[in-house]
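A closer look at the structure
If you want the building blocks of each chain, they are given just below.
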Amino acid sequence: MKMKILCVPFDPVHDVGIKIIKSELDSRGHETRLLSPDLPPEVIIKEAALVRYDFIMVSRTLGYGVAELLARFIDMLDSAGVRDYAKIIIGGKPITPELAAELGFDKGFGEHSTIDEVIAYIEGREYISGGGGLNRSKKDITTEYDYTFYHEEVNRLLESIAEKSIRFTQNKTTPGIKRARLRKQIGSTKNKNLLHEYHSLCDTEIRESNSGRYIKGVRPVSDAEVRELERFSNERVPVYPAKIQHSGKHPLFFKFLGSGCPVMDIAHAKVCERYGINGFLVINPSWEARYEGLISGCLTHENDGTITSLENIRLLRNSLDKGTLLSVRAHRGLNTAETVELAGQAKADLVKINLVYGSLGAGTDPERLLVDGIEALKIAAEYSLPFDIPGNDELSGVPAWKTLAGLLINVMIGKKLGAKGILKPLFCYGPHIVINGLMKNNFIDYNAAKIYTLRSLVSAPIWPGEPVAFMTQSEERVQSATATGTHAALAAGLGADAVTIASTDEAYSRGPICITSRIDSIRAAAESLRFMGDASYQPTKQAEIYTEMMTEKIVETLRLVESADQLADAISKGYLGSQEDGAYPGTFGRGTVSSED
């Protein structure tokens, strides 16, 4: 049914919104008239009384005295008899349904209202709002890639490195692998014999914790806390959720979780979901990497890092929206294979594994991690869990080409074992970059060269992290958010599949991460992507020079690695990061690799 509508921009200048709505109404066959902005109320009333309009549609921003002005305007429409046949509606950024009703309007539309919602009201149709819940589907960024290596020599070298490393691990085992296999058998059962065997492979601290004598700072999450969390998750449906992406070409966005408390993690995650975050990476406590075995139960910990337990991962997974992705860190420490097994059982979506970086920076013994890591990749393949490969070794001073060579080695080993790797070059201002002036002119060329290099070598997803803008941020919130936004926009313009962003207070970590700081960086990224749209930053010719240099250096690095007996030997010799670079092969788990019985 065709309606007659009077459009009233009851404001000095702000008439853009009502013009857009008028245009849509006209296109649907309704009869509209738009008055000039900021007319005196008497002139508007006279026009409204001349024609029997079905709707008087008013737009107005609020300010001092405006509420009283609008209330008098409604009284004048009453006196003129207009309200006997017309519905009076108001719209504007600060308008709420409650305020509109209080002022005497029949309906109010605010900041989050859509044109479809306004038109549905005018046409008398029920409007099904998209404002409740996230209503999004889960995305697998690996499906568009076939993992073909384009560079003939790189492919040959990687094939050799992967085959030698896999061959080296055959008929070898570790306490971590034995526990992972026991975990698979135990599942949800409480078989005492299996549990006893499991604990015989654990360090004393883990055995005691699983008996209720917890490591300092650890305690169980109570049933009451879990029930309250479930109530919170079920009742707090996101209203008018935001999107970071303004184009179908834009990447997914991830944030870290790891406050130590899964309940706090979930509270933060639900807010971040509402602001558009697509996924989370769960970071475990540093002490967990040093002990053989994992603590069971729904547990909270007073320091950074959320404990890796089946119950904690499952609680996180079940509390997140079905369309939100969850990745679990397993790339360093003595529990790599077991962590992947738990992630699979808890129905996580990804796991974090890096057989190179996990051994550098005083991490796990290279031989132990190689044996454990290859088992972990087999488990990831079994559960169809893609594995993301962080390139954070650059933060210790390792040159980018060594880091990228390490990422490629992981991808090839994963390919051989049926697991899909995700390349994660770090967008950072690391020591090697600073010392050599590689970002002296801009932060674009060198970061762009990392993406160009990887794209030229392999068909695999690229996910800059962890996180983008690392060490380009400062303690100042605006600067930190701006750095995050510009790096995120750079990654999007370079065709990245996903991006990890940090909270503005993660740049200096002088206390707990605040939800306001999380929102700072999310909104900065969203605004940067909105500003750029389908455009992108323009690297200079220097990016091509860096790309050529990186490719040559990657080949040189892979030649060195291939000359070693296997990957662990190459790491120990410093081919993928030397002491001069600032990288030190780890010692955790040294001497714990043995032959299969």
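Look a little higher up for the structure.
A brief structural summary. Quick caveat, the model's predicted, so the values are computed rather than measured.

Turning next to the overall build of the chain. When helices and strands are counted, the chain shows 21 helices and 16 strands. A principal-axis box enclosing the C-alpha atoms of the chain has dimensions of 95 × 60 × 40 Å. Burial analysis of the chain (597 residues in total) assigns 56% to the buried set. Put simply, of all contacts in the chain between residues at least 6 apart along the chain, 77% involve residues at least 24 apart.

Inspection of the entire model under this criterion finds 33 salt bridges. In this structure, Arg559 and Glu153 form a salt bridge, with 2.8 Å as the shortest nitrogen-oxygen distance. Placement of Arg559 in helix α20 (residues 541–563) and of Glu153 in helix α6 (residues 152–169) is noted, with a sequence separation of 406 residues between them. The exposure class of Arg559 is partly exposed, given its relative accessible area of 43%.

Let's shift gears to the environment of Leu360. Tracing the backbone shows Leu360 in the loop between β12 (350–352) and α14 (366–382). Separated by 32 residues in sequence, Leu360 and Asn392 place their C-alpha atoms 9.8 Å apart. If we ignore the near neighbours within four places in the chain, the residues touching Leu360 are Arg332, Asp393, Ile571, Leu576, Gly577, Ala583, Tyr584 and Pro585.

Together, Val16, Ile20 and Ile115 line one region of the surface with nonpolar side chains, adding up to about 250 Å² of accessible area. With respect to the helices and strands, Ile20 occurs in helix α1 (residues 16–27). Overall, Ile20 belongs to the partly exposed group, its relative accessible area being 46%.

Now for the packing of aromatic side chains. According to the stated counting rule, one finds 7 aromatic pairs in the structure shown. Aromatic pair Phe109 and Tyr121: ring centres 6.0 Å apart, planes at 70 degrees, arrangement edge-to-face. Highlighted residues: Phe109 in strand β5 (residues 107–109) and Tyr121 in helix α5 (residues 115–122), separated in sequence by 12 residues. Owing to a relative accessible area of 21%, Tyr121 belongs among the partly exposed residues under this scheme. Both rings, one in Tyr446 and one in Tyr546, keep their centres 5.0 Å apart while their planes meet at 85 degrees; by these two values the pair is edge-to-face. With Tyr446 in helix α17 (residues 445–457) and Tyr546 in helix α20, this pair connects stretches of sequence that are 100 residues apart. Note on Tyr446: relative accessible area 0%, which makes it buried. Grouping aromatic residues by their ring pairs yields a cluster made of Phe55, Phe109 and Tyr121. Over the aromatic face of Tyr357 sits the side chain of Arg332, whose NZ or CZ is 5.0 Å from the ring centroid. Positioned above the aromatic ring of Trp401, the side-chain terminus of Lys553 is 5.3 Å from the ring centre.

Ile413 and Leu567 are the most contacted members of the largest nonpolar core, which has 127 residues in total. At 11 residues, helix α15 (residues 400–417) tops the list of elements feeding residues into this core. Sequence-distant contacts of Leu567, defined by excluding residues within four places in its chain, comprise Ser165, Leu355, Val356, Leu370, Ile409, Ile413, Val561 and Leu576. Listed in part, the 24 residues of the second largest apolar core include Phe10, Ala48, Phe73 and Phe105.

Taking 1.5 Å per residue as the helical rise, helix α3 (residues 66–79) with its 14 residues ought to reach 20 Å, and the 20 Å between its terminal C-alpha atoms agrees with that figure. Of all the positions in α3, only Val66, Leu70, Phe73, Ile74 and Leu77 are classed as buried. Down the axis of α3, the sector holding all buried residues measures 100 degrees, keeping them to one side. Gly81, located one to two residues past α3, shows a positive phi value of around 80 degrees.

A word on the sheet that holds strand β2 (residues 31–34). An order of β2-β1-β3-β4-β5 is seen for the 5 strands of this open sheet, with the pairing classed as parallel. Each of the sheet's edge strands pairs with one partner strand only, and the pair in question is β2 and β5. The average undirected angle you get between the axes of adjacent strands in this sheet is 20 degrees. Both strand β1 (residues 4–9) and strand β3 (residues 55–59) contribute to a ladder of 5 bridges, which runs parallel. Paired with Val8 across the bridge in β3 is Val58.

One can find Glu338 in helix α13 (residues 336–345). Exposure remark for Glu338: the relative accessible area of 0% places this residue in the buried category. Setting aside residues up to four positions removed in sequence, Glu338 forms contacts with Gly176, Arg179, Ala180, Arg183, Tyr198, Gly293 and Leu294.

The sheet built from 7 strands is open, its strands ordered β14-β13-β12-β11-β9-β8-β15 with parallel pairing. Two strands in the sheet have a free side with no partner beyond their single neighbour: β14 (421–424) and β15 (498–500). The sheet shows a mean angle of 25 degrees between the axes of neighbouring strands, taken without regard to direction. Note that strand β8 (residues 252–257) and β15 share 3 bridges and pair parallel. Of the residues in β15, the one forming a bridge with Phe253 is Val499.

Another point: the environment of Pro220. By the element assignment, Pro220 lies in strand β7 (residues 218–220). Spatially, the C-alpha atoms of Pro220 and Thr114 are 45 Å apart, while their sequence positions differ by 106 residues. With residues near it in sequence (within four places) discarded, Pro220 still touches Tyr214, Glu225, Cys298 and Leu299.

With burial as the criterion, each face of strand β9 (residues 279–282) is covered, one bearing Gly279 and Leu281 and the other bearing Phe280 and Val282. Note that β8 and β9 share 4 bridges and pair parallel. Bridge assignment links Lys255 to a residue of β9, and that residue is Phe280. In this view, the connection linking β8 to its parallel neighbour β9 by way of helix α11 (residues 262–274) has right-handed handedness.

A few words on the side chain of Thr306. Relative to the helices and strands, Thr306 resides in the loop between β10 (299–301) and α12 (310–319). On the basis of relative accessible area, Thr306 is assigned to the buried category, the value being 1%. Not counting residues within four places of it along the chain, the set of residues in contact with Thr306 comprises Gly258, Ser259, Gly260, Cys261, Pro262, Asp265, Val282, Ile283, Asn284, Pro285 and Asn312.

What counts and what doesn't
Residues numbered from 1 in each chain as written. Predicted model: local features only at pLDDT ≥ 70, side-chain atom pairs only at ≥ 80, totals over all residues. Heavy atoms only, no water. Helix = DSSP H or I, 4+ residues; strand = E, 2+ residues; numbered from the N terminus. Buried < 20%, exposed > 50% of the residue type's maximum accessible area, 1.4 Å probe, protein only. Contact = heavy atoms within 4.5 Å. Salt bridge = Lys/Arg side-chain N within 4 Å of Asp/Glu carboxyl O. Patch = residues over 30% accessible without salt bridge, like charges linked within 9 Å, V, L, I, M, F, W, Y side chains within 5 Å. Areas by Shrake-Rupley, 256 points an atom, 1.4 Å probe, with all protein chains shown as cover. Phe/Tyr/Trp six-rings, centres within 6.5 Å; stacked < 30°, edge-to-face > 60°. Lys NZ or Arg CZ within 6 Å of the ring centre and 35° of its normal. Core = buried A, V, L, I, M, F, W, Y, C linked by side-chain atoms within 4.5 Å. Expected span 1.5 Å × (residues − 1). Arc of directions from axis to C-beta. Pairing = 2+ DSSP bridges. Axes fitted to C-alpha atoms, helices over the stretch in contact; angles between N-to-C directions. Right-handed = clockwise from strand over helix to strand, strands pointing away.

Geometry only, nothing functional implied.
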